[in-house]
Each structure stands twice: as structure tokens, then as C-alpha cells.
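Below, each chain spelled out in residue letters.
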Amino acid sequence: LGRMKPVIVVHGGAGRIFKEREEGCRAGVVRAALQGYSVLKQGGSAVDAVEEAVRSMEDDPHFNAGCGSVLNEKGEVEMDAIIMDGKNLDSGAVSAVKCIANPIKLARLVMEKTKHMLLTDHGAHLFAQAMGIPEIPGEKLITERSRERWKKNLEPDSNPEEFQKDLGTVGAVAIDSEGNVACATSTGGLSNKLIGRVGDTACIGSGGYADNHSGATSTTGHGESIMKVVLARLIHYHMEQGMSPEAAADTALDYMKTRVGGLGGVIVVNKAGEWAARFSTKQMSWATVKDDNLHYGIHAGEEHVKSVDEALASEREGF
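Residues numbered from 1 in each chain as written. Predicted model: local features only at pLDDT ≥ 70, side-chain atom pairs only at ≥ 80, totals over all residues. Heavy atoms only, no water.

Condition: UniProt positions are given in the numbering used here, feature names are shortened, and annotations may be inferred rather than shown by experiment.
In the nomenclature of an unreviewed UniProt entry, the protein chain is known as Isoaspartyl peptidase/L-asparaginase of Rhadina sibilatrix. Per UniProt, the comment on the protein chain under Sequence similarities (unreviewed entry) is "Belongs to the Ntn-hydrolase family."

In C-alpha cells form, the structure reads like this:
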């Protein structure tokens, strides 16, 4: 088998990214892509690479996942995450988990250490304890910004829907040198959501999908809309019919918009290593590394390109 050139693509969520947060979001997706790529370059698997990239964004308070997650109606963080291995279609997910720093790590353990695919809330908590995942106080995940937004949304004349436009999810897709693909997605969900609300992220085929026969996809956007059209799987269907990643992504996003009025964004890599980052929202922070070149952007039509060496050098100097 000819060795594949590894590729990683990441997103930091689709929606509206406020001016003062753009730099941080750009730097965050670039860092995640470089970290995931370095796993691939060292011969690591696609699964390892997407987990590492997503962990990096969970730890970055700029993103609505892990630290920096938005709060539910009661002012708590409840997180969802999924990971999937395209080799054998193994997948692991967690939903409504609290008090852990990296839900993506727990999702990976669900995939590898249980016969199940999705653990939720209290059961996920017990499993995390059994696996020795350290518990952290819920407050540690809450940023000033998330608390401010939660308070604003509680005001009688507020419209939480308005605020949800600039929230996303984080995700990664990759193909490794063996030609295996994987996806990972993680989120804090919707601001002021009902307790126990689970969105698309934890649902296989909606928040993400990976199959060596077609490729890998991670989604972001309005969760309920994504679930209605099973967005990630829909993109794979279009690729199976012969569409390029970009055409498949655009066709599926367009269908979601016309059919259910939902907006979102996706990252895709196909089995040949072709990639796409597409969105129907105002913005989506994304980055990809292929052939030792880093590409990244936030606005429609925006694409910066740097060599990985150059990017790593500026990374060390602090972007």
C-alpha cells in the first residue's frame, strides 16, 4: 500500500465570531492543527491526532468546549463529545458530562474500554471515576464570558437565540499515513439550554462520522438542525455518490438551510486526502495542515497559507 500523506483539518465552531475574539480563535485552531499534525508526522494514528487537536481546543477558553463552555439554564457546564475511528467504525461518545476537563478523552475511553458507544450524565461520571479521570470543580470550566452571557440570557427581555449564533463546537478530522481516517467533536452546547439537553455532537452521523471507505467529517452549528438531516452522514452519502469534499459539504449545508432553516459548518477529509472547510454561517474558525503547509481562516473566502516551519516559529514567539 502506498503511504498516504497525512492531513488534519480542525474547526473552532461556526457562527458569529466577535472582532475582539478573532485573533484568539485563529491562534487556537492553528495551534490545534499543528499539534494534531505533529502526531501524524510522528507516525501516530488519525484517532490520536484528532483527539489531541480537540483536547487542545477544549483547554482553550476561546472555544465553547471544555474550559470556556457555555452554561445551561441552571448556570452549569454540561458537555458532549464524540470520537470515531474510520477503520472499523468504532465510536465513543459522552453527553451531559460535568466536572471533567477533557470530555474527548472520556469519549475515547468509552470507545476503547466498553462495549458501548454513548454514556451519559451520571453513568459517564461513574465511568470516568472508574477510569481514574481526575474530577475538577465545575467552576474551573466557567469563564467570566460564559457567566456574563448566561446572566444576560436570564433577563426577561433577552433572546438567548440571538446569542447562540456565535457559539460553536470544536472538531477535527484526519487521515494518517496508513490511510485511516478519524473524526472528533466536542462542545458545551447551547447557552441557557434546558438541563439534560443533548445536541448533535454526541450523536453518531450528526456531530461526526468517519469511514475509511469515504472519509471523515466533523460538524458545528445549530445542533437540532444538524440532527434533523444527520449532517455528517449526509456529506458521506454525497461523497459515496462521487462528489468532492467541498461539493458534498456545500450540498448538505444547502439542504439543511433550505429544508429546516439551519446554519452550520463542516470540515471534511476524503479517503484520497482531499479536504474542505465550509460553512453557511457568517464565520467559522478553521485550520488545516497538508504537505507541510498550514491553511487557516475565519471569514468566507479567507485563506492564509504558511509553511509549517514558519507557523511553528511564530507559535513559539507567541503568535
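**A short note on the UniProt feature "active site" (unreviewed entry) in the protein chain**
Filter applied, for reference: Helix and strand definitions here come from DSSP, where helices need a minimum of 4 consecutive H or I residues and strands a minimum of 2 consecutive E residues; each element is numbered from the N-terminal end. Burial classification: accessible surface area is computed with a 1.4 Å probe over protein chains only, and a residue below 20% of its type maximum counts as buried, one above 50% as exposed, and the rest as partly exposed. We call two residues contacting when some pair of their heavy atoms lies within 4.5 Å.
Here the UniProt-annotated "active site" (unreviewed entry) positions come out as T169. Checked against the element boundaries, T169 lands in the loop between α6 (160-163) and β5 (170-175). Judged by relative accessible area, T169 falls into the buried class, the value being 5%. Ignoring any residue separated from it by four or fewer positions in sequence, one finds T169 in contact with H11, G12, G13, N64, T185, S186, T187, T201, T219 and T220.

**A word on the UniProt feature "binding site: substrate" (unreviewed entry) in the protein chain**
Mapped onto this numbering, the UniProt entry annotates "binding site: substrate" (unreviewed entry) at R197, V198, G199, D200, T220, G221, H222 and G223. Mapped onto the elements of the fold, R197 is located in the loop between β6 (181-187) and β7 (208-211). The contacts of R197, once residues within four sequence positions are left out, are E78, D80, G189, L190, G223 and E224. Summarising the element assignment, D200 is placed in the loop between β6 and β7. Sequence-distant contacts of D200, that is, excluding residues within four places in its chain, are made with S206, G207, T219, G223, I226 and M227.

**Section: the pairing of β7**
Inclusion rule: Whether two strands pair comes down to DSSP finding at least two bridges between them.
Taking every second residue as pointing to the same face, both faces of β7 are buried, with G208 and A210 on one and Y209 and D211 on the other. As paired strands, β7 and strand β8 (residues 215-221) are joined by 4 bridges and run antiparallel to one another. Note that in β8 the partner of G208 across the bridge is S218. Here β7 hands over to β8 after 3 residues, the two strands then running antiparallel side by side.

**Description of empty space enclosed by the protein**
The condition that has to hold: Cavities and pockets are found on a 1 Å grid laid over the protein atoms alone: a cavity is a set of points where a 1.4 Å probe fits but cannot escape, a pocket is an open set with protein on both sides within 12 Å along at least five of seven lines, and a lining residue has an atom within 4 Å of such a point. Grid points are joined across faces, edges and corners, and a volume is the space filled by probe spheres set on the points.
In total, this model carries 2 cavities of 30 Å³ or more according to the counting rule given. Of the voids in this model, the second largest cavity is the one considered here, and its volume is about 40 Å³. I100, H125, A128, Q129, I133, P134 and E135 are the residues that line the second largest cavity.

**With respect to the pattern of salt bridges**
Condition: Definition used for salt bridges: Asp or Glu carboxyl oxygen within 4 Å of a side-chain nitrogen of Lys or Arg.
Per the stated rule, a full pass over the model turns up 21 salt bridges. Of the charged contacts in the structure, one is a salt bridge between K41 and D292, with a shortest N-O distance of 3.5 Å. Within this pair, whereas K41 is found in helix α1 (residues 19-41), its partner D292 is found in the loop between β11 (283-290) and β12 (293-299), the two being separated by 251 residues in sequence. Taking relative accessible area as the criterion, D292 reaches 34% and is therefore assigned partly exposed.

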